[in-house]
Amino acid sequence: MKMYLLGCKQMERLTRLTLVLLGVGLSIYSLHVKKSKLENDDYEAFCDINEKISCSAIFTSKYGRGFGVLHYIVGEDHFLNQSNSLYGIFYFFIQVLGCFSDKHSTILYLLTSFGILSCIYLAFILAFVLEDFCLVCVSTYIITISLHYLNYKARNRRQKLQLLKKAA
């Protein structure tokens, strides 16, 4: 019989916490890069490698705010038309709920499903409209997919537990 330091559920929660912290950190960094680039056009971020691999070009583009569409819906100066980075910080903080229990697993699963759709949209913009590559962006896409997988597992675990309780 194998002995594990942490149980499977605890390891998933630790992994989730790590992913959430990475996501929040990358979102804060992207906000910093955008602010710094807007204040100083000569600013170069660590993720600006060349003309085709430049996160600051992405963050300061019209698609870096309100996903490039909110200004059409609510107006340029509306409080909902914020930097995508702020939405990322909020999104990743919500995922912390899964660190404590599986109670919110269905909601978190739906949120990450929506997050993946957002990632697909933004990846399309990145590749085919802006014709650029962003290391920070792609990293957040990977984190979102990973969180979706963890939410899927937690949701299934919760559903199985509910079925067992009903059968008992």
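Every value quoted in this text rests on a predicted model; they were computed, and no experiment measured them.

Trainee: Explain the environment of L80 residue by residue, including any values.
Mentor: Here L80 shows up in the loop between α3 (70-74) and α4 (84-94). Here the alpha-carbon distance between L80 and V136, two residues 56 residues apart in the chain, equals 23 Å.

Trainee: I'd love a proper account of the pattern of salt bridges, names of residues and values included.
Mentor: Scanning the model with the defined rule gives 6 salt bridges in all. Among the ionic pairs, K153 bridges to E12, the shortest N-O distance being 3.1 Å. Taken together, the positions of K153 in helix α6 (residues 135-167) and E12 in helix α1 (residues 8-39) put the pair 141 residues apart, joining distant regions of the chain. Residue K153 is classed as partly exposed on the basis of its relative accessible area of 26%. In this structure, R13 and D102 form a salt bridge, with 3.5 Å as the shortest nitrogen-oxygen distance.

Trainee: Provide a residue-level description of the nonpolar core, including the pertinent values.
Mentor: Soluble globular proteins tend to pack their nonpolar side chains together in the buried interior. C55, F59, C134 and C137 are the most contacted members of the largest nonpolar core, which has 14 residues in total. Contacts of C134, omitting those with residues within four sequence positions, involve C55, I58, F59 and L126. Counting 8 residues, the second largest nonpolar core, distinct from the first, contains L19, F92, I143 and L150.

Trainee: So what's going on with the packing of α4 against helix α5 (residues 105-129)? Residues and values would help.
Mentor: Packing of α4 against α5 brings their axes to within 11 Å, and their N-to-C directions diverge by 155 degrees. Looking at the two axes, α4 sits roughly antiparallel to α5. Here α4 runs over α5; the crossing is left-handed. Here α4 contributes N84, Y91 and I94 to the contact with α5, which in turn contributes L108, L111, T112, G115 and L122. Counted by class, the contact of α4 with α5 contains 5 nonpolar, 3 polar and no charged residues.

Thresholds applied
- Residues numbered from 1 in each chain as written.
- Predicted model: local features only at pLDDT ≥ 70, side-chain atom pairs only at ≥ 80, totals over all residues.
- Heavy atoms only, no water.
- Helix = DSSP H or I, 4+ residues; strand = E, 2+ residues; numbered from the N terminus.
- Salt bridge = Lys/Arg side-chain N within 4 Å of Asp/Glu carboxyl O.
- Buried < 20%, exposed > 50% of the residue type's maximum accessible area, 1.4 Å probe, protein only.
- Core = buried A, V, L, I, M, F, W, Y, C linked by side-chain atoms within 4.5 Å.
- Contact = heavy atoms within 4.5 Å.
- Axes fitted to C-alpha atoms, helices over the stretch in contact; angles between N-to-C directions.
- Parallel < 35°, antiparallel > 145°, perpendicular 65-115°, else oblique.
- Left-handed = near helix turned anticlockwise from the far one by under 90°.
- Nonpolar A, V, L, I, M, F, W, Y, C, P; charged D, E, K, R; others polar.

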